Amino acid sequence: MKYCPNCASVLTIKIPVDDSRERYVCEACGSIHYQNPRNVVGSIPVYGHQVLLCRRAIEPRHGYWTLPAGFMELGESTSHGAARETLEEAGAHVEIGQLYSLLNVPHAEQVHLFYLATMHSADFSAGEESLEVALFDEQEIPWGELAFPTVKQTLEWFFADRAAGLLDSGNELSVRSRDVLPSERI
Ligand code: ZN
């Protein structure tokens, strides 16, 4: 950030009074421009025993497979964002269930949240940001071609929990969470 979004003056970086971190400060109009992490919200769309994945048509990680997910928009909840992204990227209407995983990605200045989601039909289609969309059995998951560590970790947790019967209805499920390190690669 170089110029003030309010008045277009050149910004300076300093610690404001009563603060403990450096911020972008406008000496001309007095505004302080805070920068904070962004939420990436997505779903684990399940149809029967299969999971729906999208192959990315955009960078980063063009051509790699991901769970449908994207940046949360202003004015929506995380679960609404997850349903919206699933419809936009995978053309699938899902019934959003409970929050399943929360992954901090400090080096990317992001927090990733994935919801369990049920597909009531096998209707889906590739949206603008997807090359293709497909349902996968667990044995068919393209583990070596996944786009992001958060997607890989969420799928690993999901299949392990499902095998252990923890995803059966009626079970109280706690949110799976951890921090992703910069060194993590698919
Ligand atoms: Zn200003």
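Just so it is clear, the model here is predicted, and its values are computed rather than measured.

**Description of the domain arrangement of the protein chain**
Here is step 1 of the chain: Splitting the protein chain by domain gives domain 1 (1–35) and domain 2 (38–179).
Here is step 2 of the chain: Taking only C-alpha atoms, the centre of domain 1 and the centre of domain 2 are 36 Å apart.

**Describing the coordination of the zinc ion**
Here is step 1 of the chain: Around the zinc ion, the protein contributes the donor atoms Cys4 (SG), Cys7 (SG), Cys26 (SG) and Cys29 (SG), at 2.3 to 2.4 Å from the metal centre.
Here is step 2 of the chain: Taken in sequence order, the residues that donate to the zinc ion follow the motif C-x2-C-x18-C-x2-C. With Cys7 in the segment before strand E1 (12–14) and Cys29 in the loop between strand E2 (23–25) and strand E3 (32–33), the pair connects residues that are 22 residues apart, well separated along the chain.

**A word on the nonpolar core**
Here is step 1 of the chain: The biggest cluster of nonpolar side chains holds 24 residues, and the ones touching the most others in it are Ile44, Val51, Leu53, Leu67, Leu155 and Phe158.
Here is step 2 of the chain: Elements with a contribution of two residues or more to this core: strand E4 (38–47), strand E5 (50–56), strand E8 (94–105), strand E9 (110–119), strand E10 (130–136) and helix H2 (149–163).
Here is step 3 of the chain: Per-element tally for this core: the top contributor is H2, with five residues.
Here is step 4 of the chain: Core analysis: the second largest hydrophobic core is formed by nine residues, Ala90, Val94, Ala117 and Leu135 among them.

**Brief notes about the packing of aromatic side chains**
Here is step 1 of the chain: According to the stated counting rule, one finds four aromatic pairs in the structure shown.
Here is step 2 of the chain: On the basis of an interplanar angle of 80 degrees and a centroid distance of 5.0 Å, the ring pair of Trp65 and Phe136 is categorised as edge-to-face. Residue Trp65 is located in strand E6 (residues 65–66), and its partner Phe136 is located in strand E10; the two are separated by 71 residues in the primary sequence. The two residues Trp65 and Phe136 agree in class, both being buried.
Here is step 3 of the chain: Summarising the aromatic geometry, the rings of Tyr100 and Phe158 are spaced 6.4 Å apart at their centres and angled 80 degrees between planes, so their arrangement reads as edge-to-face. You can see Tyr100 sitting in strand E8 and its partner Phe158 sitting in helix H2, a full 58 residues away along the chain. Assigned by exposure class, Tyr100 and Phe158 land together as buried.
Here is step 4 of the chain: Three or more aromatic residues joined by ring pairs form one cluster here, namely Tyr100, Trp143, Phe158 and Phe159.
Here is step 5 of the chain: Above the ring of Phe71, the side-chain terminus of Arg38 is found at 3.9 Å from the ring centroid.

Thresholds, definitions, all that
Residues numbered from 1 in each chain as written. Predicted model: local features only at pLDDT ≥ 70, side-chain atom pairs only at ≥ 80, totals over all residues. Heavy atoms only, no water. Domains from an automatic or database assignment. Donors = N, O, S within 2.8 Å, 3.2 Å for Na, K, Ca; no water. Helix = DSSP H or I, 4+ residues; strand = E, 2+ residues; numbered from the N terminus. Core = buried A, V, L, I, M, F, W, Y, C linked by side-chain atoms within 4.5 Å. Buried < 20%, exposed > 50% of the residue type's maximum accessible area, 1.4 Å probe, protein only. Phe/Tyr/Trp six-rings, centres within 6.5 Å; stacked < 30°, edge-to-face > 60°. Lys NZ or Arg CZ within 6 Å of the ring centre and 35° of its normal.

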